[in-house]
Amino acid sequence: MHTPNNHSAPVRPRAVLFPSERGGPIGGDTFARALAGAAAAHLRGPVIKLTPHVLRHACASRLYGEGIGLAAIQQLLGHRWLSTTVRYVHVADEAIELAYEQAAERAAARFREV
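For the structure given in this document, a descriptive report is provided here.

As a further point, take the overall build of the protein chain. From N to C terminus, the protein chain includes five helices and zero strands. Each helix (α) and strand (β) of the protein chain, taken in turn from the N terminus, gives the series α-α-α-α-α. Residues classed as buried in the protein chain amount to 13% of the 114 residues present. Of the contacts made within the protein chain by residues no fewer than 6 positions apart, 21% connect residues no fewer than 24 positions apart.

Here it is as structure tokens:
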């Protein structure tokens, strides 16, 4: 839920992401069963079994790919150590290749300036 004038300011910043019908958080087993049922009904492709743990990895990787810093992802996932968060982030081969090409272009530009 967001304020009408500012889409980045949540009205309830500590609100439960997946509330139960009573308004509190869904228990782990209940959420896992619901997620598995939805995945079985709708997912096709390399990922056909979806668990809360896999969802956390996917979320962390997507956020990192969109440019969110590791410290912010660490806080979001509730990790104590940044090294734990790093294990959750999976970088696509294309992103690594693009970063390498960009670094090579910057290095080549420096040599041209000399």
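Next comes the rest of the write-up.
In this section: the nonpolar core. Ranked by size, the top nonpolar core spans five residues in total: A60, I73, L77, Y88 and V89. Not counting residues within four places of it along the chain, the set of residues in contact with Y88 comprises H53, R56, H57, A60, S61, L77 and H79.

You can see S61 is positioned in helix α2 (residues 52-65). Other than its neighbours up to four places away in sequence, S61 contacts Y88, V89 and H90.

The interhelical angle for the contact between α2 and helix α3 (residues 70-77), taken along N-to-C directions, is 155°, at an axis separation of 10 Å. With respect to α3, the axis of α2 lies roughly antiparallel. For α2 against α3, the interelement crossing comes out right-handed. In this structure, α2 uses R56, C59, A60, L63 and Y64 to contact α3, whose residues at the interface are L70, I73, L76 and L77.

With that settled, consider the environment of I48. Tracing the chain through its elements places I48 in the loop between α1 (28-42) and α2. Sequence separation between I48 and A36 is 12 residues, and the spatial gap between their C-alpha atoms is 9.0 Å. Sequence-distant contacts of I48, that is, excluding residues within four places in its chain, are made with A39 and L43.

A contiguous patch of negative charge on the surface is contributed by D93, E94, E97, E101 and E105. Take E97: it is sitting in helix α5 (residues 93-113).

Taken together, the side chains of Y64, V91 and I96 present a nonpolar region at the surface, about 260 Å² in accessible area. Among the secondary structure elements, Y64 is positioned in helix α2.

Bringing the environment of V54 into the picture now. Note on placement: V54 falls in helix α2. Judged by relative accessible area, which is 31%, V54 ranks as partly exposed. The spacing of V54 and Y88 is 34 residues in sequence and 9.3 Å in space, taken between C-alpha atoms.

The rules behind these values
- Residues numbered from 1 in each chain as written.
- Predicted model: local features only at pLDDT ≥ 70, side-chain atom pairs only at ≥ 80, totals over all residues.
- Heavy atoms only, no water.
- Helix = DSSP H or I, 4+ residues; strand = E, 2+ residues; numbered from the N terminus.
- Buried < 20%, exposed > 50% of the residue type's maximum accessible area, 1.4 Å probe, protein only.
- Contact = heavy atoms within 4.5 Å.
- Core = buried A, V, L, I, M, F, W, Y, C linked by side-chain atoms within 4.5 Å.
- Axes fitted to C-alpha atoms, helices over the stretch in contact; angles between N-to-C directions.
- Parallel < 35°, antiparallel > 145°, perpendicular 65-115°, else oblique.
- Left-handed = near helix turned anticlockwise from the far one by under 90°.
- Patch = residues over 30% accessible without salt bridge, like charges linked within 9 Å, V, L, I, M, F, W, Y side chains within 5 Å.
- Areas by Shrake-Rupley, 256 points an atom, 1.4 Å probe, with all protein chains shown as cover.
- Salt bridge = Lys/Arg side-chain N within 4 Å of Asp/Glu carboxyl O.
- Lys, Arg positive; Asp, Glu negative; His and termini not counted.
- Charge placed at Lys NZ, Arg CZ, Asp CG, Glu CD.

As far as function goes, none of this settles anything; it's purely spatial.
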